[in-house]
Amino acid sequence: FFAAPETEQLRLEMKDCIGFKGDGLRDEQRACLFHIILYTFSHSIVATLSFCLWGGAFLTASSFLQKIDPLDVSLMFYLELDRLIDLIERPIFRHLHLRLLECEDDPYQEG
């Protein structure tokens, strides 16, 4: 999703679609599309987390992390997590770095 040039338009559409949600019909459609794609990414925790971070759904990403059973953690999970960290450190996630530095009025609000 993040590396393929074919998905560039979708990436732009999904970028911060939950974090900066407004009241318009387009924002509702973007949020609906986010949840549909999130469901399709749910087979992989790393894909799910990266998509949540891209869309600005930080509380959702946190919920996924809290649901991980420590007994289910394996070497493959650690390797996937390492890939996620590498992905987050790339320039494509620069907007995420800036968003995490912002101070929110309500820390329990999504985005």
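Above: the structure in question.
Let me sum up the structure you'll find in this document. Bear in mind that the values here come from a model prediction, so they are computed numbers and not experimental data. Every chain begins its residue count from 1, and numbering advances along the sequence as written. Reporting in this predicted model follows two pLDDT cut-offs: at least 70 for local features of residues, and 80 or more for side-chain atom pairs to be given and counted; totals over whole chains, interfaces and linings ignore these cut-offs and use all residues. The basis for every side-chain value is the complete set of heavy atoms in the structure, and neither hydrogens nor water enter the calculation.

Re the packing of aromatic side chains
Geometry of aromatic contacts follows a simple scheme: Phe, Tyr and Trp rings, the Trp one being its six-membered ring, pair when their centres are within 6.5 Å, and the pair is stacked under 30 degrees between planes, edge-to-face over 60, tilted otherwise. Under the counting rule described, the total for this entry stands at four aromatic pairs. Residues Phe 34 and Phe 51 carry aromatic rings whose centres are separated by 4.8 Å and whose planes lie at 15° to one another, so their mutual orientation is stacked. With Phe 34 in helix α2 (residues 25-41) and Phe 51 in helix α3 (residues 45-55), this residue pair connects regions lying 17 residues apart in the sequence. Classification of residues uses two cut-offs on accessible area relative to the type maximum, computed with a 1.4 Å probe and protein chains only: under 20% is buried, over 50% is exposed, and between them is partly exposed. On the accessibility criterion, Phe 51 (0% relative accessible area) is buried. Here the aromatic rings of Phe 41 and Phe 51 are separated by 5.1 Å at their centres, their planes lie at 75°, and the arrangement is edge-to-face. Within this pair, whereas Phe 41 is found in helix α2, its partner Phe 51 is found in helix α3, the two being separated by 10 residues in sequence. Residue Phe 41 shares its accessibility class with Phe 51, and that shared class is buried. Put simply, the rings of Phe 34, Phe 41 and Phe 51 pair up and form one aromatic cluster. Going along the chain from the N terminus, every DSSP run of H or I of four or more residues is numbered as a helix, and every run of E of two or more is numbered as a strand.

Interpretation in functional terms is not warranted from these geometric data alone.
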